[in-house]
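Here is how the chains run, residue by residue.
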Amino acid sequence: MPEQLQQQVETCYRLAEQHFARPFARPVVSLALRGQKAGVAHLQENKLRFNAALYRANREHFLAQTVPHEVAHLIAHQLFGSRIRPHGPEWQAIMRNVFQRPAERCHSYSVAQRPRTHYLYRCACSEPLPFTAQRHARVAKGNRYLCRRCRQPLAFSGQTCQR
């Protein structure tokens, strides 16, 4: 775990404890998040997961905005319970009044799209049709798909492509 990230989480908790004059349980913090999200707060488990690639690429803004954003979710949950909206007025007040940060819902970090494998299926009449990995797995479990033109079953050609 990068020291700066862990320190920023602790700083946010200290600010919240000072503001609300009460202690808060510290979360488990990890860099195990992948994909397009910068961070996720798991409220029931008191856990924070951050995206390591986005942290490395946007360190300064990540520490200033993303870490307080996710900590504010846990603080709001501990203060107000699970019936509040994720980015509702309680969360917004914590962002603005406790962390002195804008209450922005989404990040604007550049996220590289990784190429996805498509599985090529054919029938008697058409060009190969690309199936996603999920649809290809459904075929393996017994689902059948028909061509919209000739109504014949689509069969895996044994070929894949990257898109």
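Structure first, text after, so check above.
The paragraphs below set out a description of the structure included in this document. This one's a predicted model, so the numbers in the text were calculated from it and none came from an experiment.

Thresholds applied
Residues numbered from 1 in each chain as written. Predicted model: local features only at pLDDT ≥ 70, side-chain atom pairs only at ≥ 80, totals over all residues. Heavy atoms only, no water. Pairing = 2+ DSSP bridges. Helix = DSSP H or I, 4+ residues; strand = E, 2+ residues; numbered from the N terminus. Axes fitted to C-alpha atoms, helices over the stretch in contact; angles between N-to-C directions. Contact = heavy atoms within 4.5 Å. Buried < 20%, exposed > 50% of the residue type's maximum accessible area, 1.4 Å probe, protein only.

1. With respect to the sheet that holds strand β4 (residues 117-122)
Taken in spatial order, the 3 strands line up as β5-β4-β6 in an open sheet, and their pairing is antiparallel. Unpaired on one side and paired on the other, β5 (129-131) and β6 (155-162) mark the two borders of the sheet. Averaged over all adjacent pairs, the angle separating strand axes in this sheet is 40°, with direction ignored. With 3 bridges joining them, β4 and β5 adopt antiparallel strand pairing. Within β5, the position partnered with Tyr121 by the bridge is Leu129. Its contacts with the sheet put helix α5 (residues 133-140) on β4, β5 and β6, and the angle it makes with β4 is roughly 50°.

2. Focus: unusual backbone geometry
The backbone phi angle of Ala21 is positive, close to 55°, even though this residue is not glycine. Taking the relative accessible area as the measure of exposure, Ala21 reaches 69% and is therefore exposed. For Asn46, which is not a glycine, the phi torsion comes out positive at approximately 50°. Among the structural elements, Asn46 can be located in the loop between β2 (39-42) and β3 (47-51). In this structure Asn46 comes out as buried when scored by relative accessible area, which is 15%.

3. A few points about the side chain of His118
With respect to the element layout, His118 can be found in strand β4. By relative accessible area, which is 15% here, His118 ends up buried. Not counting residues within four places of it along the chain, the set of residues in contact with His118 comprises Pro130, Phe131, Thr132, Gln159, Thr160, Cys161 and Arg163.

4. Concerning the environment of Pro2
Residue position: Pro2 is located in the segment before α1 (3-20). Counting along the chain gives 141 residues from Pro2 to Asn143, while the straight-line C-alpha distance between them is 46 Å. Setting aside chain neighbours within four positions, we find Pro2 in contact with Leu31 and Tyr55.

5. A few points about the pairing of β3
In this structure, strand β1 (residues 28-33) lies alongside β3, joined through 4 bridges in parallel fashion. When the sheet's bridge partners are listed, Ser30 is paired in β3 with Arg49. Two strands pair when backbone bridges link them, and β2 and β3 are joined in this way by 4 bridges, in the antiparallel orientation. Its bridge partner lying in β3, Ala41 is registered against Leu48. Remark: 4 residues form the turn of the hairpin made by β2 and β3, two consecutive strands paired antiparallel; Asn46 in that turn has positive phi of roughly 50°.

On their own, these measurements won't tell you what the molecule is for.
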